[in-house]
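# Coordinate analysis (summary)
Now for the letters of each chain:
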Protein chains: 6
Amino acid sequence: MSIWLQPEPLNWWHSVDDAIQEDVGSGDLSGGCIDPELMCSYYIEAQGEGTVCGLGIAEYLLSPYSSDPEGTKIELHFEDGDRIVRGDILVSGRTYARRALLAERTILNFMMLLSGVATTTRRYVDQVEGTSVRIVDTRKTIPGLRGLQKYAVRCGGGHSHRMGLFDGVMIKDNHIRACGGIRQAVEKVKEYAPHTVRIEVECTTLEEVEEAINAGADIVMLDNMDPFMMREAVKEYRGKCIFEASGGISLDTVKGVAQTGVDIISIGALTHSAPSLPMHMEFE
Amino acid sequence: MSIWLQPEPLNWWHSVDDAIQEDVGSGDLSGGCIDPELMCSYYIEAQGEGTVCGLGIAEYLLSPYSSDPEGTKIELHFEDGDRIVRGDILVSGRTYARRALLAERTILNFMMLLSGVATTTRRYVDQVEGTSVRIVDTRKTIPGLRGLQKYAVRCGGGHSHRMGLFDGVMIKDNHIRACGGIRQAVEKVKEYAPHTVRIEVECTTLEEVEEAINAGADIVMLDNMDPFMMREAVKEYRGKCIFEASGGISLDTVKGVAQTGVDIISIGALTHSAPSLPMHMEFE
Amino acid sequence: MSIWLQPEPLNWWHSVDDAIQEDVGSGDLSGGCIDPELMCSYYIEAQGEGTVCGLGIAEYLLSPYSSDPEGTKIELHFEDGDRIVRGDILVSGRTYARRALLAERTILNFMMLLSGVATTTRRYVDQVEGTSVRIVDTRKTIPGLRGLQKYAVRCGGGHSHRMGLFDGVMIKDNHIRACGGIRQAVEKVKEYAPHTVRIEVECTTLEEVEEAINAGADIVMLDNMDPFMMREAVKEYRGKCIFEASGGISLDTVKGVAQTGVDIISIGALTHSAPSLPMHMEFE
Amino acid sequence: MSIWLQPEPLNWWHSVDDAIQEDVGSGDLSGGCIDPELMCSYYIEAQGEGTVCGLGIAEYLLSPYSSDPEGTKIELHFEDGDRIVRGDILVSGRTYARRALLAERTILNFMMLLSGVATTTRRYVDQVEGTSVRIVDTRKTIPGLRGLQKYAVRCGGGHSHRMGLFDGVMIKDNHIRACGGIRQAVEKVKEYAPHTVRIEVECTTLEEVEEAINAGADIVMLDNMDPFMMREAVKEYRGKCIFEASGGISLDTVKGVAQTGVDIISIGALTHSAPSLPMHMEFE
Amino acid sequence: MSIWLQPEPLNWWHSVDDAIQEDVGSGDLSGGCIDPELMCSYYIEAQGEGTVCGLGIAEYLLSPYSSDPEGTKIELHFEDGDRIVRGDILVSGRTYARRALLAERTILNFMMLLSGVATTTRRYVDQVEGTSVRIVDTRKTIPGLRGLQKYAVRCGGGHSHRMGLFDGVMIKDNHIRACGGIRQAVEKVKEYAPHTVRIEVECTTLEEVEEAINAGADIVMLDNMDPFMMREAVKEYRGKCIFEASGGISLDTVKGVAQTGVDIISIGALTHSAPSLPMHMEFE
Amino acid sequence: MSIWLQPEPLNWWHSVDDAIQEDVGSGDLSGGCIDPELMCSYYIEAQGEGTVCGLGIAEYLLSPYSSDPEGTKIELHFEDGDRIVRGDILVSGRTYARRALLAERTILNFMMLLSGVATTTRRYVDQVEGTSVRIVDTRKTIPGLRGLQKYAVRCGGGHSHRMGLFDGVMIKDNHIRACGGIRQAVEKVKEYAPHTVRIEVECTTLEEVEEAINAGADIVMLDNMDPFMMREAVKEYRGKCIFEASGGISLDTVKGVAQTGVDIISIGALTHSAPSLPMHMEFE
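So, here's what we can say about the structure. (Residues numbered from 1 in each chain as written. Chains lettered and ligands numbered in written order. Predicted model: local features only at pLDDT ≥ 70, side-chain atom pairs only at ≥ 80, totals over all residues. Heavy atoms only, no water.)

### Concerning the environment of Pro227 of chain F
Let me state the cut-off plainly: Labels follow the DSSP assignment, with helices taken as runs of H or I lasting at least four residues and strands as runs of E lasting at least two, numbered in each case from the N terminus.
Residue placement: Pro227 of chain F occurs in helix 8 (residues 227–237). In the structure, Pro227 of chain F is positioned 29 residues away from Gly256 of chain F in sequence and 7.0 Å away in space, judged by C-alpha atoms.

### A closer look at helix 7 (residues 206–215) of chain D
Residues and elements named next belong to chain D. Counted only if it meets this: Note on classification: 1.4 Å probe, protein chains only; a residue is buried when its accessible area is under 20% of the maximum for its type, exposed when over 50%, partly exposed between these limits. In this description, the arc belongs to the directions extending from the helix axis to the C-beta atoms. The contact criterion used throughout is that any non-hydrogen atoms of two residues lie within 4.5 Å.
When helix 7 is considered as a whole, its buried residues turn out to be Val209, Ala212, Ile213 and Ala215. Axial view of helix 7: buried residues confined to an arc of 160 degrees, hence all on one face. Counted as exposed and oriented over 90 degrees from the buried face of helix 7: Glu207 and Asn214. If you follow the buried residues of helix 7, they end up packed against helix 6 (182–192), strand 8 (199–203), strand 9 (219–223), helix 8 (227–237) and strand 10 (242–246). Downstream of helix 7 by one or two residues, Gly216 has phi in the positive range, about 105 degrees.

### What to know about the sheet that holds strand 5 (residues 89–96) of chain B
Residue and element names in this part refer to chain B. Quick note on the threshold: For two strands to be treated as a pair, DSSP must find at least two bridges joining them. Angles shown run from 0 to 180 degrees and are taken between the N-to-C directions of axes, each axis being a line fitted to C-alpha atoms and, for helices, limited to the stretch in contact.
The strand order across the open sheet built from four strands is 3-5-1-12, with neighbouring strands paired in antiparallel fashion. Whereas interior strands pair on both sides, the edge strands pair on one side only; in this sheet they are strand 3 (73–76) and strand 12 (279–283). Adjacent strand axes in the sheet meet at a mean angle of 15 degrees when their direction is disregarded. Pairing of strand 1 (residues 39–46) with strand 5, which is carried by seven bridges, proceeds in the antiparallel orientation. Paired with Ile44 across the bridge in strand 5 is Val91.

### A closer look at the interface of chain B and chain A
Keep this limit in mind: Accessible area that two parts lose when put together, evaluated with a 1.4 Å probe and summed over both, is termed the buried area. A pairing counts as a salt bridge when a side-chain nitrogen of Lys or Arg comes within 4 Å of a carboxyl oxygen of Asp or Glu. Any N or O atom pair separated by 3.5 Å or less is treated as a polar contact, with the protein-specific requirement of one donor-capable and one acceptor-capable atom, and with residues adjacent in sequence counted only for side-chain atom pairs.
Every contact between the two is made by 55 residues of chain B and, on the other side, 55 residues of chain A. Across the chain B to chain A interface the summed buried area is about 4700 Å²; carbon plus sulfur atoms make up 58%. Considering only the surface of chain B that becomes buried against chain A, Leu29, Cys33 and Leu165 of chain B emerge as the three largest contributors, covering 16% of it. Along the contact surface separating chain B from chain A lie four salt bridges. On the surface where chain B and chain A come into contact, there are 33 residue pairs in polar contact (both at pLDDT 80 or more). Only helix 1 (12–24), helix 3 (97–127), helix 4 (146–155), strand 7 (169–171), helix 5 (173–179) and helix 6 (182–192) of chain B provide two or more residues apiece to the side of chain B that touches chain A. At six residues, the largest contribution of residues to the side of chain B that touches chain A is made by helix 3 of chain B.

Keep in mind these numbers describe shape, not what the thing actually does.
What follows is the structure, given as structure tokens:
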């Protein structure tokens with residue numbers, strides 16, 4: 001396997017196996033016309049510019065087995081997270097023609113999607129270069145691919161927010177209303193939540209920020225605030241919590257938000273709407 | 001369940017169950033602060049304009065059980081495939097607050113993605129209105145979500161190409177080269193393929209089109225041809241096969257391609273790069 | 001793996017693993033008396049005449065691992081689809097005695113069943129030798145073994161009908177009645193079915209055949225017609241569709257049906273009632 | 001569910017679910033033409049004479065849900081194990097037309113196969129009527145369907161041999177050779193096998209029978225012996241063990257074997273080669 | 001379902017289903033002698049004193065279905081976390097005799113184990129009553145039952161440490177050595193770990209404690225320190241991190257450790273060696 | 001794999017894989033700080049005295065793959081069932097540091113639990129040394145780990161009772177009452193149970209013992225009888241059945257029970273309350 005930025009998404013190969021099954025179903029009707037012994041050379045070429053991600057999936061599906069004849073091989077010419085330009089050869093190798101054709105679409109579907117996420121993330125990260133802010137993802141991910149998409153965000157220079165509902169606490173307006181206030185909600189959570197996870201509270205006003213910090217929130221989300229209010233919040237309570245900016249932040253506005261002094265900027269578009277990075281696979 | 005455009009994607013609820021598991025993992029740490037008996041009203045509201053898809057997923061995750069108290073209910077205000085505008089209430093209902101908060105993100109992740117696919121498809125379909133051409137999808141889908149994405153394409157007025165390698169034959173340049181020619185490839189496939197599926201041949205020149213038709217191809221893919229050449233092909237061989245145009249066709253060019261007389265236009269961007277349609281879920 | 005006639009049934013080894021689990025359950029109580037290091041030679045011998053199928057399953061369950069001592073080996077003396085006679089040694093090898101005894105019953109259960117299907121198919125195929133008709137299977141298969149049984153049919157010289165409800169359309173009397181007529185049913189199907197699959201209509205009279213062809217049916221099933229009526233249908237509409245004869249066709253009548261000029265003869269008995277081909281496994 | 005002869009095969013509905021999945025795959029292309037709200041009446045009719053088995057599978061797949069409209073119903077007109085004749089209506093009911101058509105083939109595939117097993121078993125059982133001998137099955141079953149096939153044997157008046165390698169000990173010639181003798185093999189097994197299962201030894205001569213009984217075998221299999229030798233064995237050792245006759249016993253010879261005084265007759269053909277009992281499903 | 005202390009262990013019923021399968025295997029041979037229509041009353045009685053846990057499992061396995069006759073019912077007489085004494089009736093109800101006997105062993109195996117964990121936890125918690133210290137569990141759990149065991153700890157008045165390797169960071173001596181020091185390890189982790197989880201460092205000396213706090217550790221584990229050293233650490237660095245005491249703490253020593261001022265005491269014996277709480281199920 | 005006492009628990013590695021998944025979840029957050037290429041030496045050391053069990057699990061999780069560099073290795077210094085003392089090195093080896101740290105807790109959780117069971121069993125077996133009685137386990141096992149726990153019992157010198165409800169018949173008071181008497185219950189079971197499993201009847205008085213033997217019981221359980229009554233039963237009916245003593249037998253009383261002449265003593269505490277045997281894993 002190629003080098004994965006830690007932590008490696010657990011059991012990512014199950015998603016790949018499922019995708020092959022989804023595509024092949026009851027059999028590859030077209031591949032049957034090819035001599036099963038015929039071998040071919042192949043390469044995967046970038047058709048756009050960006051940050052590559054998912055090379056390990058090509059390696060997983062086309063890796064030489066120990067029982068393969070010597071002619072079988074694969075070479076990864078980049079590592080996940082590398083910047084690439086149109087025309088770059090990302091992977092090349094040699095294997096059975098049937099096997100390569102069967103895996104082609106699945107490899108490209110994964111690599112194009114993940115590289116798209118990494119590329120979009122990189123654009124945001126580049127915008128905030130020079131600041132200490134972190135660009136992080138959200139839970140607005142493609143169902144079934146969260147672990148891989150969050151890995152792609154890390155490959156693009158971003159960081160991970162919580163993976164799901166289980167490794168972090170996020171108290172939103174509805175939790176607050178249901179508990180009767182920020183303080184009550186935070187206290188209730190502290191009763192049962194493991195001490196190993198932090199408690200974040202979603203705030204839309206400076207009053208709420210104050211209330212959250214007094215209640216013992218570890219992280220305060222400045223939700224859909226304008227940069228001016230964010231700056232206020234950060235100035236007032238610096239050092240008392242981690243500040244996360246969230247809500248409708250775009251490539252155009254991200255730099256301004258970063259300059260408010262927040263620690264974290266979370267962006268749903270990294271994973272729900274990143275356009276895929278075009279690639280194709282050629283055979284010889 | 002709401003009405004699905006046929007055929008319903010088999011076992012789509014497995015993807016939904018998996019997505020809930022992916023999100024909840026070892027437990028919803030935030031939801032624990034809410035009284036398990038507390039109920040709430042909720043609604044899902046469109047934040048953009050387009051074609052809705054995935055209403056059945058909200059219904060699946062928030063459907064009243066027979067053992068629920070009478071207060072539990074859900075109402076779908078649209079059907080999959082309906083056009084919606086910003087501010088439309090898509091779904092409303094009443095259920096346990098914990099349950100609704102736990103399902104919120106998963107429902108939105110599915111509905112935003114699928115509605116994005118339907119919306120993009122509808123744009124292409126609208127462009128070719130008045131012609132008899134079909135806009136169809138490809139195998140360039142998100143791993144694990146092919147059945148649902150292809151359903152979304154149908155909701156957007158598009159049609160389905162083959163679901164995978166198993167329900168149609170596509171002879172590409174590599175198959176042709178491996179078999180020694182178009183005729184040889186088609187003949188080989190006919191030896192073993194079920195008579196219930198059609199054979200498509202990818203062609204890039206008029207000579208190849210002729211060769212494919214003479215070999216008995218049922219469908220000819222005009223691959224990355226310019227509209228002029230497509231028109232030639234259609235004129236010359238009308239009635240002898242189904243013509244599919246493919247390769248780099250955009251919203252700008254799709255109408256011109258449709259006017260060449262082809263039967264089918266396949267577009268990968270419907271499923272690999274459709275931006276999601278924004279929605280949110282509100283609680284009272 | 002031995003050479004499979006294409007397309008290889010996907011993930012056939014899952015059925016084999018399940019069968020081992022079904023047999024071994026919580027442990028092989030008898031095998032425990034054998035020294036785990038003891039090795040033995042074995043062979044599988046045909047106890048009847050026919051066409052062999054399933055050799056790959058023996059190979060799968062008894063294949064030498066790279067970590068096995070040198071003494072471990074397996075040899076397949078035939079290929080799937082070969083004709084065999086009583087006394088033929090089909091497979092021979094050497095492995096751990098415990099392993100061979102544990103796998104024995106599962107291997108034989110598969111090979112006897114699949115060879116039975118291939119043998120029965122071959123008898124039908126031999127009857128129609130010299131004609132261009134294809135003997136094909138149906139969906140009347142053993143639950144859970146459809147892919148393997150259809151592979152066995154191909155090994156016996158037959159061909160595959162559609163694999164299931166997903167890779168071909170079959171409009172039966174009930175569909176026709178529900179839609180209000182053949183034309184209406186065909187038109188409805190064309191609205192949503194992928195263009196890659198053909199539409200077949202079940203017909204019992206010449207009037208229905210005409211109606212089906214006019215409606216655009218690609219395949220017409222002549223259902224339980226007598227050979228005289230079949231000949232009429234073929235004569236009248238030759239070249240306008242594929243003709244499939246179906247219904248109660250036996251080894252005695254198949255040749256007569258073939259001579260009517262139909263393209264395809266489908267026979268349920270290939271898969272639902274083929275007697276198994278006897279074999280046994282001997283150890284030394 | 002209908003009444004099952006005990007013990008009910010565990011989780012038999014998993015096999016049914018898998019069979020539906022195998023058949024429907026990515027969707028029922030034909031069923032899509034039927035109005036999803038259309039309901040129909042149906043019945044399953046026997047097309048041959050025998051013993052019915054598998055009625056619970058029809059009930060499982062077509063059972064009315066509590067949320068169904070009142071018109072939905074199913075009636076089983078027989079119980080598993082009942083004798084039926086051609087023309088008997090086995091099941092009748094009313095449900096959605098799409099649902100019935102989708103389930104039709106799977107229901108019939110199971111019921112025809114299982115009723116075939118029950119029918120064949122009943123023929124053997126009838127042959128030995130008046131004796132106290134038990135007709136039992138073997139492990140020569142269809143992979144994946146052992147529990148259901150053994151249930152069908154019980155429905156036909158037969159009994160079950162061990163379910164697999166885990167609920168009974170069978171010491172065969174290879175175990176004996178590997179251990180150095182019958183006594184050694186039995187002793188080794190007794191060291192580790194649970195005291196709740198009996199030990200059976202396969203014998204081909206009277207000397208072996210004596211040796212097995214002296215070694216403490218609970219059951220002696222008289223393997224491929226002629227009836228004269230069986231009679232000898234039973235006479236000599238009556239009361240010292242259970243006697244099982246096995247090997248090539250047919251409908252013609254089973255009565256003679258029963259008259260030798262053995263307790264058990266095991267017959268592989270009950271499960272590996274029983275012809276299916278024809279049935280069809282009609283709609284109105 | 002009964003009331004669960006939050007967060008409910010996800011999909012706990014899968015473990016219960018698996019346990020039923022493990023026990024019933026190919027069928028309940030004993031239960032077959034009971035008339036399937038026979039109903040019985042039953043109750044579960046404590047045979048020892050402690051804290052009950054797992055009532056929801058009895059309810060899950062014996063809950064009345066909507067289609068059950070009116071006679072079917074179940075009553076839980078306690079809630080998870082309640083203290084019970086010998087002779088207390090925990091659950092009582094009425095259902096089919098076969099069903100109750102089939103589920104009996106599985107229910108008791110779960111309830112005795114989980115109540116054992118809750119009871120042991122309660123003993124530790126009672127020892128530290130009056131202090132603000134939390135008794136927490138560890139990852140030394142029974143494979144496959146971690147979620148349920150940690151739930152039982154909460155029922156006993158304890159709290160949860162991280163659920164696994166994914167929802168908290170624990171830097172041990174080996175991580176420190178591999179990274180070249182505490183500071184380097186903490187820094188490396190901060191590069192990639194989500195900001196929602198805390199970083200804990202295992203320390204065995206006061207120097208290490210200082211180093212960890214300076215490096216930015218959120219939690220310091222005082223590993224196998226004597227109470228005197230713990231007190232020193234707490235006094236010196238109060239307010240700069242959370243202090244967790246760990247290593248060989250018993251019922252006899254836990255109070256003394258609590259009095260050192262640490263925030264958290266983790267105890268492996270809660271889950272790896274808690275004796276089960278005896279119960280039995282009686283039928284009438 | 002190390003040598004397993006037969007029969008090997010089927011598919012035990014699935015439990016191990018599940019335990020790894022349970023622990024690692026969405027990723028090992030701590031392990032990420034270690035250089036993925038870094039290797040380490042490790043050993044597992046006993047911290048108590050007893051009988052070891054589960055060495056194969058360490059081997060399974062840390063076994064060198066053929067593609068590993070030469071430095072990777074593992075050595076098992078004992079075999080399952082060996083007696084060990086505090087300080088014994090059970091396993092040692094060399095592998096990637098990340099891999100070893102990820103597997104550490106799972107390996108120890110299994111080995112400590114299984115060795116605890118073997119150790120407790122060995123204590124009972126030692127108590128009855130010199131008699132021919134067998135110490136056997138029960139169905140009072142940890143859900144999901146029955147096969148492995150019963151294997152551990154065999155490693156400790158004990159034997160297996162039935163694995164579950166499927167490989168032995170146990171007629172308890174409730175079955176007897178439901179059938180109307182011991183004779184009726186035994187007769188009913190004989191009607192349907194395979195002849196390969198024995199029938200055991202639970203008896204609490206000598207009258208019941210007589211009734212059970214007359215009814216044809218193969219095994220009689222002397223349930224919660226005092227040793228005097230057991231001796232009576234054995235004396236009176238020696239040779240007519242297998243005698244199993246059960247109910248509240250402790251290390252103190254087991255020898256006395258053995259001396260009554262019973263064949264089998266079953267003890268639930270072997271599997272439901274065996275304290276784990278402490279071990280730890282060290283790295284260099």
